[in-house]
2 protein chains.
Amino acid sequence: MKKKQINAIEVAKLANVSQSTVSRVFTPGAKVSPRTQKRVLEAAQKIGYRPNALARGLITNKTNIIGLVMGNIQNPFYPEILDEFTKSLYEKGYHVLFFHTKNDAITQDEVSQFLEYNVEGVIVTDVLLSSNVVSKLSTHDIPIILFNRYTQDSTCHSVCCDNYSAGMKIGEYLFKQGHQKFTYITGRTNTSTSRDRERGFAEFLLQKGIKPVIEEGDYTYEAGYTVAMRVLKNRNRPDAIFCANDIVALGVIDAAKILGISIPNELSIVGFDDISMASWPPYSLTTWQQPVKEMIEATINMLLNTVDGEATKPQSLLFSGKLLERKSVKLLKNS
Amino acid sequence: MKKKQINAIEVAKLANVSQSTVSRVFTPGAKVSPRTQKRVLEAAQKIGYRPNALARGLITNKTNIIGLVMGNIQNPFYPEILDEFTKSLYEKGYHVLFFHTKNDAITQDEVSQFLEYNVEGVIVTDVLLSSNVVSKLSTHDIPIILFNRYTQDSTCHSVCCDNYSAGMKIGEYLFKQGHQKFTYITGRTNTSTSRDRERGFAEFLLQKGIKPVIEEGDYTYEAGYTVAMRVLKNRNRPDAIFCANDIVALGVIDAAKILGISIPNELSIVGFDDISMASWPPYSLTTWQQPVKEMIEATINMLLNTVDGEATKPQSLLFSGKLLERKSVKLLKNS
């Protein structure tokens, strides 16, 4: 089915006006008599020439398209995020042009695509962003918001969970239950989320004179499983493991089960995110719940305010979230 | 940051031509002298008036945007699909306008959005499609392909796994291992995927004089868990359960563990999809692997051929896939 090339020229023929008259009808501010306008609009409607969203976008620079960039969609946390963003943006009349990237950082090519499609704003979830990219988008007046990440140099808006203070509170919680040997399994080490969770956790414990062991992971089930298989075979194994996210924690739990280590009696585990699997009975994972809905609402409001012209300095919004106690942490008796 | 309203009028001022001349420069087939064209293009470049993807889309009807509609993104099978589609389409120069719908079927509102954004084609994964919607899109020459679903009346192209014959082969496989009491846990019963898997499974077993028990599920972990908790407490419980998808099967495995029923010694379980969790050690689920990459490649080729003008009758492509044996099925000794 070859697409019909319905364009201004055909509309002009049918309305018996010049092609430039048709252009004027669809250009705000251009002069055209009401009678001519009516004739052109009727002709356009008759043959299916639609002054559609893209046409309006060209004329007004409003496409109602938001670019959403996501990397690790295999981590169940992110499909849940995508779901919420798409729904909330749709309710506000916006659509998501979805970019999936295997790269750690946004590329120039992706930036070109944002410009090509005239997106009104960009939301970036779990991908790094150079100040170069931020400034290029800013030159074109395309606001960008980091979700669940921030840049060290604070060149753009961001919405995050307060990972540092969550890490502290998790350290405090495990310490108060009487644990003594702590391990943190990181996510990808170049991410602000993993680093901040580690920093808060380690700083609290250091205040108590305890130095946690840091093991490198990469936010995957496989990493949690592999690290745990190695670490838990040591005589001097940890009695509490804090994992950079839930999916890592599930890998640790499964490794512990295979090694015959009882959770929580012999080993306590805490995750981060509260993905749906965390509540499945065989895991019943104690975890930090990010207030995802509020974070997404704030991101969208921030973005749309910026799109609508409120010039503001880069803002960083932090949300607390809360510890969700399930059954993967051994509690002090009589506490 | 208020977006600068860079439009044809400003370009016209700078190039010292009329606004209709600017329009002509950006309209293929319209008359304009090479010298004027050069002046207009230079002015456009200078002030940042970009004849971008949307502009080209208006002129040529080619936006390179494909609408992708997805429902149950919480089932890990679908993020993997979204990932593949986005990547493959991007390699071919197309972008994904992502539609997430909580509805069972595509609504008129969503169809309006496809038209508004001038998408070149629509891919629909796990959502129902009325012939009404198909015919409306067809009127506007927007091809649509169903992925992992088909319509009873074959009004549009579809790409599916051959669920019926996969169901048969799973029935045969379980029967050959000596199982005698079979249960099928359905997905949402209004989906062709669940119905065809059931039909193949039941037809094979009926040939052997066995009538499987059908239990209703809805493609979720919770449904598998709940159904298994009820069914496995019966004295006359099944010795083999085929689940409409993997996530249901994981729920069944977890319920069996809690009830102290050993898998595979006392109960065999087969899933469908081969999501990444199926290979996790505590599950090690035997399942039917859909050839996802080939199916996606075929979907995109079919769509782009149609976009490029090859008029064809609705086609249904079926892919076989294969049984992936792990450790959730008890095998006949000495076989």
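Just so we're clear, the structure is a prediction, and the values are computed from it rather than from any experiment.

What counts as what
- Residues numbered from 1 in each chain as written.
- Chains lettered and ligands numbered in written order.
- Predicted model: local features only at pLDDT ≥ 70, side-chain atom pairs only at ≥ 80, totals over all residues.
- Heavy atoms only, no water.
- Pairing = 2+ DSSP bridges.
- Helix = DSSP H or I, 4+ residues; strand = E, 2+ residues; numbered from the N terminus.
- Axes fitted to C-alpha atoms, helices over the stretch in contact; angles between N-to-C directions.
- Domains from an automatic or database assignment.
- Salt bridge = Lys/Arg side-chain N within 4 Å of Asp/Glu carboxyl O.
- Buried < 20%, exposed > 50% of the residue type's maximum accessible area, 1.4 Å probe, protein only.
- Contact = heavy atoms within 4.5 Å.
- Parallel < 35°, antiparallel > 145°, perpendicular 65-115°, else oblique.
- Left-handed = near helix turned anticlockwise from the far one by under 90°.
- Nonpolar A, V, L, I, M, F, W, Y, C, P; charged D, E, K, R; others polar.
- pLDDT = per-residue confidence, 0-100.

Engineer: Sorry if this is basic, but what is going on with the sheet that holds strand S6 (residues 182-185) of chain A here?
Structural biologist: Adjacent strands of a sheet form backbone hydrogen bonds with each other and so pair up, either parallel or antiparallel. Residue and element names in this part refer to chain A. Taken together, the six strands give an open sheet; going across it, the order is S7-S6-S8-S9-S10-S12, and neighbouring strands pair in mixed fashion. The sheet is open, and its two borders are formed by strand S7 (213-215) and strand S12 (322-324), each paired with just one other strand. For this sheet, the mean inter-axis angle between neighbouring strands, taken without regard to orientation, is 20°. By the bridge criterion, four bridges tie S6 to strand S8 (residues 240-243) in an arrangement that is parallel. What sits directly across from Phe182, in S8, is Ala240.

Engineer: What is the right way to read the domain arrangement of chain A from this model?
Structural biologist: By a widespread convention, an interface's size corresponds to the accessible area lost as its parts come together. Domain annotation for chain A reports domain 1 (8-51), domain 2 (65-161 + 292-320) and domain 3 (163-290). Computed over C-alpha atoms, the centres of domain 1 of chain A and domain 2 of chain A are 38 Å apart.

Engineer: Hey, could you run me through the sheet that holds strand S6 (residues 182-185) of chain B in this one?
Structural biologist: Residue and element names in this part refer to chain B. Sheet architecture is open: six strands sit in the order S7-S6-S8-S9-S10-S12, paired in mixed fashion. Both outer strands of the open sheet, strand S7 (213-215) and strand S12 (322-324), are each paired with one neighbouring strand and no more. Sheet twist, expressed as the average angle between the axes of neighbouring strands with direction ignored, equals 20°. The pairing of strand S10 (residues 286-289) with S12 spans three bridges and is antiparallel. Note on S12: the bridge partner recorded for Thr287 is Leu324.

Engineer: Help me understand the pattern of salt bridges in this model?
Structural biologist: Opposite charge on two side chains makes pairing possible when the charged atoms of those side chains draw close. Throughout the structure, instances matching the rule amount to 18 salt bridges over all chains. For the salt bridge of Glu215(A) with Arg230(A), the shortest nitrogen-to-oxygen distance reads 3.0 Å. Of this pair, Glu215(A) sits in strand S7 while Arg230(A) sits in helix H10 (residues 221-231), and the two are 15 residues apart along the sequence. Of the residues examined, Glu215(A) reaches a relative accessible area of 14% and is grouped as buried. Looking at Arg230(A), the relative accessible area reads 48%, which means it is partly exposed. Put simply, Arg199(B) and Asp196(B) hold a salt bridge, and the shortest N to O gap is 3.4 Å. Residue Arg199(B) and its partner Asp196(B) are both found in helix H9 (residues 192-207); the two are separated by three residues, about one turn of the helix. Look at Asp196(B) and you get buried, because its relative accessible area is 8%.

Engineer: Mind showing me how you'd approach helix H6 (residues 108-116) of chain A here?
Structural biologist: Every α-helix winds through 3.6 residues per turn, so residues three or four apart in the chain are directed the same way. Residues Glu110(A), Val111(A), Gln113(A), Phe114(A) and Leu115(A) constitute the buried set of H6(A). Here the buried face of H6(A) lies against strand S1 (65-70), strand S2 (95-100), strand S3 (121-124) and helix H7 (131-139) of chain A together with helix H5 (77-91) and strand S2 (95-100) of chain B. With its phi angle positive at about 55°, Asn118(A) sits one or two positions after the end of H6(A).

Engineer: Help me understand the packing of helix H8 (residues 163-176) of chain B against H9(B), please; the structure alone is not making it clear to me.
Structural biologist: All names here are of chain B. With their axes 7 Å apart at the nearest point, H8 and H9 run at an angle of 40° to one another. For the element pair H8 / H9, the angle class is oblique. Pair H8 / H9 crosses with right-handed handedness. Along its contact with H8, which presents Asn163, Tyr164, Gly167, Met168, Ile170, Gly171, Glu172, Leu174 and Phe175, the element H9 presents Thr193, Asp196, Arg197, Arg199, Gly200, Phe201, Glu203, Phe204, Leu205 and Gln207. In the contact of H8 with H9, the residues fall into eight nonpolar, six polar and five charged.

Engineer: For this particular structure, what's the right way to read the confidence of the model for chain A?
Structural biologist: Residues of chain A with pLDDT of at least 70 account for 91%, and the chain-wide mean is 87. Throughout residues 1-5 of chain A the model reports pLDDT below 50, and contacts reaching past four residues in sequence, or to other chains, amount to 24 contacts.

Engineer: Explanation requested: unusual backbone geometry in the structure shown.
Structural biologist: Most peptide bonds adopt trans geometry, and most residues besides glycine take a negative phi value. All names here are of chain A. Omega for the peptide link from Ile263 to Pro264 comes to 5°, which places this bond in the cis form. Examined against the element boundaries, Pro264 turns out to sit in the loop between helix H11 (246-258) and strand S9 (268-273). A positive phi angle is found at Asn148, which is not glycine, with a value near 70°. Inspection of the secondary structure puts Asn148 in the loop between strand S4 (144-147) and strand S5 (157-161). For Asn148, a relative accessible area of 2% corresponds to the buried category.

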